[in-house]
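Architecture at a glance
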Amino acid sequence: GAVVSQHPSWVICKSGTSVKIECRSLDFQATTMFWYRQFPKQSLMLMATSNEGSKATYEQGVEKDKFLINHASLTLSTLTVTSAHPEDSSFYICSAPPPGNNEQFFGPGTRLTVL
Amino acid sequence: TQLLKQSPQFLSIQEGENLTVYCNSSSVFSSLQWYRQEPGEGPVLLVTVVTGGEVKKLKRLTFQFGDARKDSSLHITAAQPGDTGLYLCAGDPGNKLVFGAGTILRVKS
């Protein structure tokens, strides 16, 4: 199956700093990637759709200036949490569908803890 | 408004018991997917159901897609401790996945 990686797997940062999370499709090109947020023992909440070469599409209630998304290549999307606060602490997961495949493959997730 | 309603939210059972998880919607989906997620990891796709009335089996797991393609169920026979995890149903209303609330399953030995 297709492989999606994320980096880092976990990060701890101070309040007010920015954190960048990378999502890579390792063996396929992805024009679209998705970013999710997940709180403990809860389901995944779609934050935004990352589009290669164009602006991301954000879900209602997600601040685009807070969560910056850049999809600069067909294998890499980045999510930057700007001016992080403790309430941004969460598990962030990305996914991508291989070309011609409507099934999505998920990355292993990134645990963000903001102190 | 939750597009996909998943139940139960929590399930704690003994090894060897059977269980069923339900995923219901008022909307029609072209397909529904079931995922299993372990703590600290991303979801892993178990199955995709596409055709109304479809039944798919994956070892001890049986997945059904309703005739109207609005609901689905996951049945586990003779549950084992290794089945413990978060089970998620997901549907595509149009170029993105929406997830049910999830079912946390704990199988005790």
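Below or above, wherever it landed, is the structure these notes cover.

Cut-off values and rules
- Residues numbered from 1 in each chain as written.
- Chains lettered and ligands numbered in written order.
- Predicted model: local features only at pLDDT ≥ 70, side-chain atom pairs only at ≥ 80, totals over all residues.
- Heavy atoms only, no water.
- Phe/Tyr/Trp six-rings, centres within 6.5 Å; stacked < 30°, edge-to-face > 60°.
- Helix = DSSP H or I, 4+ residues; strand = E, 2+ residues; numbered from the N terminus.
- Buried < 20%, exposed > 50% of the residue type's maximum accessible area, 1.4 Å probe, protein only.
- Disulfide = S-S within 2.5 Å.

Now for the packing of aromatic side chains. Taken as a whole and judged by the stated rule, the model has seven aromatic pairs over all chains. Plain terms: the ring middles of Tyr36(A) and Phe99(B) are 5.6 Å apart, the flat faces sit at 85 degrees to each other, and that makes the pair edge-to-face. Placement of the pair is Tyr36(A) in strand E4 (residues 32–38) and Phe99(B) in strand E10 (residues 98–99), with the two residues belonging to separate chains. With relative accessibility at 0%, the residue Tyr36(A) sits in the buried group.

What follows concerns the state of the cysteines. Considering all chains together, one arrives at two disulfides over all chains under this definition. Paired through a disulfide, Cys23(A) and Cys94(A) show a sulfur-sulfur distance of 2.0 Å. Residues Cys23(A) and Cys94(A) are joined by a disulfide whose S-S torsion is about 80 degrees; by sign, that bridge is right-handed. Highlighted residues: Cys23(A) in strand E3 (residues 19–25) and Cys94(A) in strand E9 (residues 90–96), separated in sequence by 71 residues. Given a relative accessible area of 0%, Cys23(A) falls into the buried group. According to the relative accessible area criterion, Cys94(A) is buried, its value standing at 0%. Between the sulfur of Cys23(B) and that of Cys89(B) lies a disulfide, 2.0 Å long from S to S. Because the sign of the S-S torsion sets the handedness, a value of about 70 degrees for the bond joining Cys23(B) and Cys89(B) places this disulfide among the right-handed ones. A residue pair is termed long-range when its members are at least 10 positions apart, and Cys23(B) in strand E3 (residues 19–24) and Cys89(B) in strand E9 (residues 85–91) qualify at 66 residues.

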